[in-house]
Structures are given as structure tokens and as C-alpha cells.
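What the coordinates show
The lines below spell out each chain.
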Amino acid sequence: MAADPSPRSRTRVVLADAAPRRDGADRAGTDLTEQTPIGEALVKGLMRAQLALALRLALVVAAGLGTLPLLFAVAPAVGGFKVFGVHLPWVLLGLLSFPFLVGVGAAYVRWAERNEQDFAALIRRPER
Amino acid sequence: MNPYLAPGLILVLLLTVAIGAYGLRFARTTSDFLVASRSVSPSWNAAAISGEYLSAASFLGVAGLVLRYGVDVLWYPVGFAAGYLALLLFVAAPLRRSGAFTLPDFCQVRLRSRPLRRLATAFVLFIGCLYLLPQLQGAGLTFSTLTGGSYAWGALVVSVVVTANVAFGGMRAITFVQAFQYWLKLTALAVPMIFLILQWQSDGRPQVTPPAGAVFPAATTVVVEQDAVLDGVRPVEAGETLHFAAGDPVPTVSTVDAEFGDQWLLPGKTGLFATYSLILATFLGTMGLPHVLVRFYTNPDGASARRTTLVVLALVGLFYLLPTLYGVLGRIYTPQLLMTGNTDAVVLLLPEAALGGGHLGRLLGALVTAGALAAFLSTSSGLLTSVAGVIFTDVLRSGRSGSIRDFRLATVLAALVPTTLALYVSDMDVSRVVGLAFAVAASSFCPLLVLGIWWRGLTDAGAIAGLVTGGGAAMAAVLVTVLGPPLPSSFAEFVGQPAAWTVPLAFLVMVGVSLMTGRRVPPDVGATMLRLHAPESLRT
């Protein structure tokens, strides 16, 4: 087989894990699984932090976008309001909703990575 | 016929095959074929995901819907983009870390259940076919509309090109092809739009909804397709040819469902139930589409899966700014489509209608058509890869030792059913079927993924019960809507936009049955959760 043009190392791909996994085959974070009670509590903490972050941002979207149909139904006058000659619903849905979604996504990526760094720091500290 | 059309389409097909062949040089092992060796950079990957996602429904359908129904259907593009935010928030990184390759793999990793795996396989195949069929139909219809050729040839050509590309290049090649096609699709809508807006300016900015009603911008001939009544008074027969001079008012046609004036301009025509149902289906359905998920395994780790998703959200959002403008300008320049009901063609016809039949109009017309072809090719390639992947691992049971020849066989098998169906079924509504595929995905895989990733208490029995009730109800609603007789209007909304009740149903059943079968929680759930959520830097 000819040499691969890219020097990056290839990772093993786990295809259909059809056979039951052998014990010990899962190397995912064996350090953590062995120290069960503490490790489990730590993972639960990370999950809770990540889920709370995701739910909070989902709530932001639900409040920002999800309430619009209700608003237009309850106060039809809002729909008649014009921004630069264009009706507000068109501006909100056709234009502003997309940067809003990207902004929420960017905030999530930043905070989720920070949660993970905090977690990693917490795990590594005792070893040092 | 437009003289630039054939060269443009042939160029797209040749480039697709050429880039696929270029990618083939790198595709050597089975894992190359399936997940591109997980060494694709996030920007390539994001462009590829976007290219794969923006189907004919996005490229043609959204503009057509806006032309027809106005502001209420803007929830389609918003939802199609927001689906990636839901995916980012709840699924992207943990799913990548699970190390699974397909949705059935995820079931295996998380719940270790063979029956659940088989059920998930059935859902992947159903959603895959439901999504692949309208792509091929759309391709056939576009070919026949624009070239006058036969519908079957269009569907067949696209099907053969896609099958060959997937079978010989696999996903590695597809990544390059998809990324190229995203940029092609964006260019194909953005460049003509610049000229269209300039033209609209030089025409003295005609109003989109003039107070006196829409008028024809130029002399127009319309061939009536069905017996109908014009403006509620004048009956016309199928085949009758109507001539309109520039400035004549556009009559309403009784057989074509469209909105005019303030009904089109202002929200509130669609009921709240249908609107929220649509929002739920599109926001939550994206994460359950098999061809979207399969791409996430090409990211090297969870954090890059997250960044890739964010870039996808931006790329997709950028794209969705454009179809709305096509729909709006179509109101001014192609009002005859509101009479024939062929509104999906607005993107294809608008450049020539607005810019005239000169070289510029025709060149831009050929460009948007090439973009439409890219839309069919890329989405069907992605779908085929994912469906073939599932057939390869779950139906042929090749597993790890599977050969490239088996993957090629799986690809041909995966293409066979939708292609055959597409050749025989041509009258199913394209954008509607795509929307229903979202509803099925949102009611089946969305709860499975979200609960599987975030809740330790999920059991295989709960997952199966939720899939069967929620996903099954959505599937039944789809079949009734597409194949069944027209329903009474109060009931039609309930079945035609089922997500608002099938998604909560699926979640409730999954949680309820899991709580009742709490003893079946896998004993190693702690290890699995660690694997899903801990950053890769901690493994070694």
C-alpha cells in the first residue's frame, strides 16, 4: 500500500459493535471508572453543568423565537410595524433569526468548552 | 431552450465525478470509505455537511413556498437552520464521543440491545427512503421542466451518477464533492440575486404587494392546467391558453392555493398549532436525519464536532437568506406561477423572467439550474452513503471484516428501491414529503438521542416503546397524509403537521416505560456516560 499523502495518524474506527463488548476493551477513561464513587460524582457534575447550559440556551431561543407566533397572533399590530420599509415579521424571521441562532451557538461552544476544561483541571489536579 | 443549460449541467456532473475520482486516490481501506478516516478538517467537514443538507427542498422548495404563502412559511428556513442549534446543544459532542458510526450503532453502544438496534435500522431505512425519493423526483421534474426531456431520464441520470460516486469513492470522496457543492449552491443563488436586486432598483423598485393587487410585469401567456374559475367568476378549462398584457391584474385561480395582499404580507394565516408543530419538527428533526448524523463521525473529537456544527449553522443560515428573496421577487416578476401552481420553479425561472431573455438572463438561469442539480446530487449522495452504511453493517452483517466490495453492493441495494419508486411515482408533493421526514425523525431519533445522552435511566424497553408509539404515530400520519384521502379540515392540521403531539408522546412513553423497567438500565451506564461526556484529553 502506498504511503498516505497526509502524515496525520489514522485512528481505528469502531464499526458496528455487533458483538457484545469485551470487558476491558473500552479504554475510555479507565482512570475515572476505576475510582467509582468519586469519578461518577464528577461525571454527573459535568453532565449537569453541560445540560444546564444547553437548556438555558434552548430557553433563550424558545423565548426569542418561539414566542413570535404567539406574539403575532395576540398583537397583530406588531406585524404591521415597518423597519426601513419592510414589515417587522419579515425582518425578524427572514434576516435576524439566523445571526441570533449563530450567536447562541457560539456562546454555547465557548461555555461548553470552558466546562470541559474545568472538569479536566479538576481530574488532573490530584495526580500532580 | 436556454443554450447555456446543457453545458452548465454537464459541467456540474463532470466536476462531481472528477472530484469524486480525485477523492478516490485517498480512499483505500473500508474505514476510508465509511468515515473518511476521521481526518477531515472542520471547515471542509462543515461545508460538506451544509452541502449535503441543503436539498432540493431548500434550494427550490423554500422560495416556492414563500412565493405562494408569504411570511408564515419563513418558519421553514428558520427551522431548517435552527435544527443545527438543537443538534449542537444536545447531541453533537457526546454523539461523536460515543464512537458509534450509525444511529443503530448508538443504540448498541448506549443500551446494548439487539431488538432496539433492528428497530432503529428500520427507522433509518424508512427515513432515508422517504428523503431520497423526493430528491430523485425533484431531479426528474427539473429535467423535464427545463429541457423538455423525459422525467424518468432525469431521475435515472442523477441516481446513476450518485450511486457510482458513492460506490467508488465512498465518503472520503463525498466529503470533497459535498463541500464543493455547498459553495456551488451558495454561488448559484447569490450571484443571480445581485443582478436581480440591481434590476429591481432600475425598474423603479416596484412594490411587492401593490395596493391595487398584483399585475403582470410583461406580456405573459398562461396555459391552464386544470379546470378552474378565475377571480371567482370566469370558468376556464384545462388546456385553454390565456394571454395577458403588461400591467394586467393577475387573476386568482380557484384550484391554486395561494395568499394575496395582506394575507401574504402579514403573519397569522397559518394556525398556531400548525406553526408550532412545524417549529418542533424542524428544530428537533434535523438531529434525527441519518445522513446528517453520519457526518459527525468524521470529526476527530467531540470539541471539533461542536465547532464543525457551529460553522454549519453559520453556513446554512447564510444560505437561507437567499431563497426568501427569490420568493419575494417572484411575486413581482413571475406572478404566472401563482396561476399554474408550479411555484417550485420560481428559482429556476426568475433570472430569465426579470432580466429578459438576453445572454445575462440565460447565463444566470443556467447557473441556478446547475445549483439545483448540485442540490439533488449532494443530498442524495449523503443519504445514499448513510443508508448504504446501515445496510452494510446491519443487513449484510459485514461488520469489521467487511470488504469494499460489500460496501459497493450495499450502495447499489440502497439505491435500488428509491430509484425504482421514483420511476413509478411522480405525483407526490416534494416539499411536503421532506417536511414529513423531519416530523418522523423528530418523533423517533430525537427523543432517543437526547434521553440516551442526558438521562441515565433510559432502558432498552423504554426506547423501543417510545420509538414504536411516537415514531410509529408520525409514520402513520405521514402515510395517511401522502396516500390517504383528504381529511376534514379540523383534523387535517392534526395529521398533516403531527410533530406537536408525536414528539411529546415519544418523550413521555420513553420516560414512562423506562421508569417502569428501571431494572433494565445497563449496568455499565456510568462508563458509557463518562465516555460520552468526558473530554478526549482525559482518555489514554
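Residues numbered from 1 in each chain as written. Chains lettered and ligands numbered in written order. Predicted model: local features only at pLDDT ≥ 70, side-chain atom pairs only at ≥ 80, totals over all residues.

With an unreviewed UniProt entry as reference, chain B is termed Na+(H+)/acetate symporter ActP, source organism Actinoplanes campanulatus. Listed under Subcellular location (unreviewed entry) in UniProt, the entry text for chain B is "Cell membrane". On record in UniProt, under Sequence similarities (unreviewed entry), the comment for chain B is "Belongs to the sodium:solute symporter (SSF) (TC 2.A.21) family." (UniProt positions renumbered as here; feature names shortened; annotations may be inferred.)

Looking at an unreviewed UniProt entry, one finds chain A named Fatty acid desaturase, with Actinoplanes campanulatus as its source organism.

**Considerations on the overall build of chain A**
When its secondary structure is counted, chain A shows five helices and two strands. Taken from the N to the C terminus, the helices and strands of chain A come in the order α-α-α-α-β-β-α. When the 128 residues of chain A are sorted by exposure, 25% land in the buried category. Pairs at least 24 apart in sequence give 58% of the contacts found in chain A among residues at least 6 apart. (Helix = DSSP H or I, 4+ residues; strand = E, 2+ residues; numbered from the N terminus. Buried ≥ 20, exposed ≤ 12 C-beta atoms within 10 Å, placed from the backbone. Contact = placed C-beta atoms within 7 Å.)

**Thoughts on the confidence of the model for chain A**
Residues and elements named next belong to chain A. With 68% of its residues at a pLDDT of 70 or more, chain A shows a mean pLDDT of 76. Ranking the helices and strands of chain A by mean pLDDT puts helix α5 (residues 88-124) first, with 90, and helix α1 (residues 30-34) last, with 52. The model gives residues 17-31 a pLDDT under 50, and that stretch makes 17 contacts with residues more than four places away or in other chains. (pLDDT = per-residue confidence, 0-100.)

**Some remarks on the domain arrangement of chain B**
All names here are of chain B. Parsing chain B into structural domains produces domain 1 (5-211 + 256-427) and domain 2 (215-249). Between domain 1 and domain 2, the C-alpha centre-to-centre distance is 34 Å. Listed as interface residues are seven residues of domain 1 and, on the opposing side, six residues of domain 2. Broken down by secondary-structure element, the contributors of at least two residues to the side of domain 1 that touches domain 2 are α13 (302-333) and α14 (337-340). The residue makeup of the side of domain 1 that touches domain 2, split by class, is five nonpolar, two polar and no charged. (Domains from an automatic or database assignment. Nonpolar A, V, L, I, M, F, W, Y, C, P; charged D, E, K, R; others polar.)

**Let's talk about the packing of helix α7 (residues 103-111) of chain B against helix α8 (residues 114-147) of chain B**
All names here are of chain B. Where α7 contacts α8, the two axes come as close as 8 Å, and the packing angle between them is 160°. Classified by the angle their axes make, α7 and α8 are roughly antiparallel. Here α7 runs over α8; the crossing is right-handed. Between α7 and α8, the contacting residues are L103, P104, C107, Q108 and L111 on the first element and L116, R117, A120, T121 and V124 on the second. Classifying every residue of the contact of α7 with α8 by side-chain character gives seven nonpolar, two polar and one charged. (Axes fitted to C-alpha atoms, helices over the stretch in contact; angles between N-to-C directions. Parallel < 35°, antiparallel > 145°, perpendicular 65-115°, else oblique. Left-handed = near helix turned anticlockwise from the far one by under 90°.)

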